[in-house]
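Structural overview
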Amino acid sequence: MPGRNFLFVPGPTNIPVSIQNAMNIPQEDHRRPDFAKLTKPLLQDVNRVFKTETGRTFLFPATGTAGWEVALSNTLSPGDKVLTSRFGQFSHLWWDLAVRIGLDVETIDVPWGEGVPVERFKRRLERDTKNEIKAVMVCHNETATGVTSDIAGLRRAMNAVGHPAMLYVDGVSSIASIDFRMDDWEVDVAVSGSQKGFMLPAGMAIVCFSRRALRARNSAKCARCFLDIQDHINANKDGFFPYTPSIPLLHGLKRSLQILLEEEGLENIFKRHRRLAEGVRRAVDAWGLKLVAKAPKWHSDTVSAIRVPPRFDARDVIEIAYHRYNLSLGAGLSVLAGKAFRIGHLGDHNEASVLAALAAAEMAMRDAGLRVQPGAGVGAALEYYRRTAPPLKVKLSSAKPAPKKKGKKGRIVRR
Ligand SMILES: *Cc1c(COP(=O)(O)O)cnc(C)c1O
């Protein structure tokens, strides 16, 4: 199909050309004497994306799923009690992993479309007078439903009842796109991955440990080998890895960190994501459709899961969008299959790219029989983007020239 594929799944996300180019390198020796020149600054700088000064980040040649296991297996022992909540496919899968590696997992399930039930967690922790719960694990941004949870609020609740459990956060689809504060929120382990906000291909689990979580490795008895952070600690100190890292990904990460930390900057990136997401939400409203997220406080700035009316199949929308308009939309996962489609709006996007996706989504929805007004969503989003656009930094050519000097004009008139 001519033109590029419009990739609007919530990961893998679009890769900026400069990152793509940075990864296009001849093969390198991962034990070359000056390898640390590449890796040591990376391991330092990546901490800044997590907003931590005391934490320590590990880069595993794996995906976010491995990051979940890195977090748990390096800090806990089989039979340890952990508290979690499920409200979408990703929070479900992390629960499943915790169960399968032998933890004693207690879950407070809430309907899909809601997020971490902070008050219920608080009451449960308050009842745990013997401190049997060793860890609380939550998904910051549930990618399946487009729901963001209040991690700061959860931390406040944990502190309010004085519970010492460690706090583990899945930030795979939030970190580097939505504000995340490892130190301020006293997060003990934060998990991310390369193919979402970091705008890289999949293949790197990026996992940050607090000092307390690092110490916990000494007593953690969960089986681990490939995922043992101790081997990384030993090798990273000289800038190496315990096994062969994906070197193109490391070069890509270097470029990504320049964008995230220097060129655009995290705070600008968060604002851009908020604004682009708000445009999508206005479009959904104008289409007369509903988000899976049940209330504005849950709205995600990285992904919107959109319900189609009951008599339609969201899979038709996705298939038409792909085959006819070269637009990749996210599928409804698990219980949302056929009931919702997702627009991922994280990573390397701007107004025009999001509007293109909204336009193609409108066409696909109309082709699938949904009665959305042509242009309704696009119109709502573009007006929102226009109203909220930052002031232009250049002067337009059509701008009125400065009035001519009196004297000169006077002379012309007299002649
Ligand atoms: C993408 C994602 C993951 C990890 O998925 P991988 O395919 O293993 O990288 C985990 N949690 C959330 C919230 C995600 O969006």
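Residues numbered from 1 in each chain as written. Predicted model: local features only at pLDDT ≥ 70, side-chain atom pairs only at ≥ 80, totals over all residues. Heavy atoms only, no water.

Topic: the nonpolar core
Membership of the largest hydrophobic core comes to 55 residues, with the highest contact counts inside it found for V136, F198 and L260. For this core, the leading source of residues is helix α9 (residues 247-263), giving eight residues. Setting aside its immediate chain neighbours within four residues, F198 contacts I19, V46, V49, I175, A176, S192, G193, I206, L253, S256, L257 and L260. Judged by nonpolar contacts, the second largest core, of 38 residues, contains L289, L291, F312 and A368. (Core = buried A, V, L, I, M, F, W, Y, C linked by side-chain atoms within 4.5 Å. Buried < 20%, exposed > 50% of the residue type's maximum accessible area, 1.4 Å probe, protein only. Helix = DSSP H or I, 4+ residues; strand = E, 2+ residues; numbered from the N terminus. Contact = heavy atoms within 4.5 Å.)

Details of the site of the ligand
The ligand sits among 13 residues. The nearest are T63, T65, T143, D170 and K196. Between the ligand and the protein, one listed contact pairs a nitrogen atom with a side-chain N or O atom of D170 at 2.6 Å. Across the complex, the protein chains shield 88% of the 390 Å² of accessible surface that the ligand would expose by itself. Top element by residues in the shell around the ligand is helix α3 (residues 64-73). It accounts for three residues. (Near = heavy atom within 4 Å. Polar contact = N/O pair within 3.5 Å; in protein donor to acceptor, adjacent residues only side chain to side chain. Areas by Shrake-Rupley, 256 points an atom, 1.4 Å probe, with all protein chains shown as cover.)

Thoughts on the layout of surface pockets
Volume-wise, the largest pocket comes out at about 310 Å³. Secondary-structure elements contributing two or more residues to the lining of the largest pocket are α6 (151-160) and α10 (266-286). With four residues, α10 is the largest single contributor of residues to the lining of the largest pocket. Considering only residue class, the lining of the largest pocket consists of six nonpolar, six polar and six charged. Counting residues domain by domain, the lining of the largest pocket receives three or more from each of domain 1 (17-263) and domain 2 (266-387). Those elements that place two or more of their residues in the lining of the second largest pocket are β1 (6-8) and α1 (17-23). If one sorts the elements of the lining of the second largest pocket by residue count, β1 sits on top with three residues. When grouped by side-chain class, the residues that make up the lining of the second largest pocket number six nonpolar, five polar and two charged. (1 Å grid on protein atoms, 1.4 Å probe; cavity = no way out; pocket = protein on both sides within 12 Å on 5 of 7 lines; lining within 4 Å. Points joined across faces, edges and corners; volume = space filled by probe spheres on them. Nonpolar A, V, L, I, M, F, W, Y, C, P; charged D, E, K, R; others polar. Domains from an automatic or database assignment.)

Here's the deal with the domain arrangement of the protein
Segmenting the protein into domains produces domain 1 (17-263) and domain 2 (266-387). For domain 1 and domain 2, the distance between their C-alpha centres works out to 28 Å. With 31 residues of domain 1 at the interface, the matching set in domain 2 holds 24 residues. In total, about 2,100 Å² of surface goes out of reach between domain 1 and domain 2, with carbon and sulfur atoms giving 63% of it. On inspection of domain 1 and its partner domain 2, the count reaches one salt bridge. Two residues, E267 and K51, come together in a salt bridge whose shortest N-O distance is 2.9 Å. Our enumeration of links across domain 1 and domain 2 arrives at nine residue pairs in polar contact (both at pLDDT 80 or more). If you list the elements that add at least two residues to the side of domain 1 that touches domain 2, you get α2 (35-50), α4 (89-100), β7 (147-148) and α9. Considering each element in turn, the side of domain 1 that touches domain 2 owes the most residues, three residues, to α9. (Buried area = accessible area lost by both parts, 1.4 Å probe. Salt bridge = Lys/Arg side-chain N within 4 Å of Asp/Glu carboxyl O.)

Concerning the packing of helix α5 (residues 118-127) against α6
The angle between the axes and the distance between the axes are what describe a pair of packed helices. The interhelical angle for the contact between α5 and α6, taken along N-to-C directions, is 20°, at an axis separation of 9 Å. Relative to α6, α5 is oriented roughly parallel. When the axes of α5 and α6 are compared, the crossing they make is right-handed. From α5, V118, F121, K122 and L125 reach across to α6, where they touch G153, L154, A157, M158 and A160. Taken together, the residues that form the contact of α5 with α6 break down as seven nonpolar, one polar and one charged. (Axes fitted to C-alpha atoms, helices over the stretch in contact; angles between N-to-C directions. Parallel < 35°, antiparallel > 145°, perpendicular 65-115°, else oblique. Left-handed = near helix turned anticlockwise from the far one by under 90°.)

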